[in-house]
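# Notes for the structure review
Each chain, written out:
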Amino acid sequence: MASFSSTTVLLLLLSLNVSAFFIAVSAGTFYEDIDIKWGDDRAKILENGQLLTLSLDRACGAGFQSKNEFLFGRIEMQLKLVPGNSAGTVTAFYLSSQGPTHDEIDFEFLGNLSGDPYTVHTNIYTQGKGEREQQFHLWFDPTADFHTYSFTWNPKHIIFSVDDTPIREFKNLESIGVPYPKNQAMSLYSSLWDAEDWATRGGLIKTDWSQAPFTASYRNFNTNACIWSAGKSSCSSASSAFIGADNSWLAPELDPRGVEKLMWVRRNYMIYNYCTDSSRFPGGFPAECQAASNS
């Protein structure tokens, strides 16, 4: 995304209606940034807080949550997905608020038989309603090494990226009646769990428990974001520290190179798009599907 002026930054920040002092840039250890939420010793922080692993066996999976909540920013992590026969497993990596009208921005990595590609399942919930699924394959083996998966979330749009290549953009289309996540702070979550009833080929391929434990690995959790705490945001239009920081995540649109990359992914690696699935929407597609940028 292109850089842009301090005036643009100020206008976008004013649209947040927040007050406090600074944008939070974090690249600490997992001990500092993450709470293990479930799974007991199936979730491990290793290498002096620089590596985290989640494991799944027949009894249970595991999950973690960020210590902070965010209201806009760029949040990213490097993941190495479950190798080998990962059929039936799901590694979820997502932002979410709480409650029945929660907002949520999802990556879910659906395992497969050895040699078959992972399916990257994405979804966006606004005010408790999802059903905005898009799915992709990747142009590399996500189990062979770590790769960076990120959310860029600002008042104008949400971008899902893989190794800085945008794969999906969801624009703020409140002007045509489409709800947009902008009022609820969200935490980062990740979990590894068994979903053999649906994850791989619609549940036709079951989990092979002889391959357990299944393990996903994480490193380099980085945020450049507005932290929400005690009803206030850490971002402020009056912050000179913020204006001097890397504010590229506030760009209101993708630059031409970003658009080119996005279209390359859609042409070559998108395998499902709710906006073209007429069987799901016999009464007509959702309003955002009428906008070319979200279709």
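You'll find the structure just up there.
So, here is what we can say about the structure in this document. Note that the structure is a prediction, hence the values are computed from the model and not measured.

### Quick word on the overall build of the chain
Counting secondary structure elements, the chain contains four helices and 16 strands. By the burial criterion, 54% of the 295 residues in the chain qualify as buried. Considering only contacts within the chain whose residues lie at least 6 apart along the sequence, 69% involve residues at least 24 apart. Summed over its atoms, the accessible surface of the chain is roughly 12900 Å², and 49% of this surface lies on carbon and sulfur atoms.

### Description of the state of the cysteines
Summed over all chains, the structure comprises two disulfides. The disulfide that involves Cys 226 links it to Cys 235, with 1.9 Å between the sulfurs. On the sign convention where negative is left-handed, the bridge of Cys 226 and Cys 235, at about -100° about the S-S bond, is left-handed. For Cys 235, a relative accessible area of 0% puts it in the buried group. Across the disulfide, Cys 275 is cross-linked to Cys 289 (sulfur-sulfur distance 2.0 Å). Its S-S torsion of approximately -75° makes the covalent link between Cys 275 and Cys 289 left-handed. With Cys 275 in the segment after β16 (270-273) and Cys 289 in the segment after β16, the pair connects residues that are 14 residues apart, well separated along the chain. Given the relative accessible area of 7%, Cys 275 is considered buried. The exposure class assigned to Cys 289 is buried, which follows from its relative accessible area of 10%. In the chain, the bonded cysteines, numbered by position in the sequence, are linked as 1-2, 3-4.

### Things to note about the pattern of salt bridges
Pairing between side chains of opposite charge can happen when their charged atoms approach one another. Following the criterion strictly, the structure yields 10 salt bridges and no others. The salt bridge partner of Arg 74 is Glu 76, with a shortest N-O separation of 3.0 Å. Both residues of the pair, Arg 74 and Glu 76, belong to the buried class. Salt-bridge contacts for Arg 280 lead to Glu 133; the nearest nitrogen and oxygen are separated by 2.7 Å. Linking Arg 280 in the segment after β16 with Glu 133 in the loop between β8 (119-125) and β9 (134-136), this pair joins segments that are 147 residues apart in sequence. The exposure class of Arg 280 is partly exposed, given its relative accessible area of 31%. The exposure class assigned to Glu 133 is buried, which follows from its relative accessible area of 15%. When salt bridges that share partners are traced, they join Arg 74, Glu 76 and Asp 164 into one network.

### A few points about the side chain of Asp 277
Mapped onto the fold, Asp 277 is located in the segment after β16. For the buried Asp 277, no salt bridge is present, and the opposite-charge side chain at shortest range is Arg 280, 4.6 Å distant. With sequence-adjacent residues up to four places away left out, Asp 277 is seen in contact with Tyr 272 and Phe 285.

### Considering the packing of aromatic side chains
Counted according to the given criterion, the structure contains 19 aromatic pairs. Ring plane angle 55° and centroid distance 5.0 Å describe the contact between Phe 72 and Trp 153, whose orientation is recorded as tilted. One end of the pair, Phe 72, is in strand β5 (residues 62-80); the other, Trp 153, is in strand β10 (residues 147-153), with 81 residues separating them in the sequence. On the basis of an interplanar angle of 55° and a centroid distance of 5.5 Å, the ring pair of Trp 139 and Tyr 269 is categorised as tilted. In this pair, Trp 139 sits in the loop between β9 and β10 while Tyr 269 sits in helix α4 (residues 256-269), placing the two residues 130 residues apart along the sequence. Every member of this aromatic cluster is reached through a ring pair, and the members are Phe 93, Phe 107, Phe 109, Tyr 149, Phe 151 and Phe 160.

### Comments concerning the pairing of strand β3 (residues 43-46)
Side-chain alternation along β3 places Ala 43 and Ile 45 on a buried face and Lys 44 and Leu 46 on a face that remains uncovered. Here four bridges tie β3 to strand β4 (residues 51-56), and the two strands are oriented antiparallel to one another. Bridge pairing in β4 links Lys 44 to Thr 53. Two successive antiparallel strands, β3 and β4, enclose a turn made up of four residues, where Glu 47 displays a positive phi of approximately 50°.

### A short note on the environment of Gln 135
Note on placement: Gln 135 falls in strand β9. Along the sequence, Gln 135 and Ile 271 sit 136 residues apart, while their C-alpha atoms lie 5.5 Å from each other. Apart from the residues lying within four places of it in its own chain, the contact partners of Gln 135 are Leu 110, Thr 119, Val 120, His 121, Tyr 269, Met 270, Ile 271 and Tyr 272. Only 2.8 Å separates the side chain of Gln 135 from the side chain of His 121, close enough to count as a polar contact.

Basis of the calculations
Residues numbered from 1 in each chain as written. Predicted model: local features only at pLDDT ≥ 70, side-chain atom pairs only at ≥ 80, totals over all residues. Heavy atoms only, no water. Helix = DSSP H or I, 4+ residues; strand = E, 2+ residues; numbered from the N terminus. Buried < 20%, exposed > 50% of the residue type's maximum accessible area, 1.4 Å probe, protein only. Contact = heavy atoms within 4.5 Å. Areas by Shrake-Rupley, 256 points an atom, 1.4 Å probe, with all protein chains shown as cover. Disulfide = S-S within 2.5 Å. Salt bridge = Lys/Arg side-chain N within 4 Å of Asp/Glu carboxyl O. Lys, Arg positive; Asp, Glu negative; His and termini not counted. Phe/Tyr/Trp six-rings, centres within 6.5 Å; stacked < 30°, edge-to-face > 60°. Pairing = 2+ DSSP bridges. Polar contact = N/O pair within 3.5 Å; in protein donor to acceptor, adjacent residues only side chain to side chain.

Taken by themselves, the reported measurements are silent on function.
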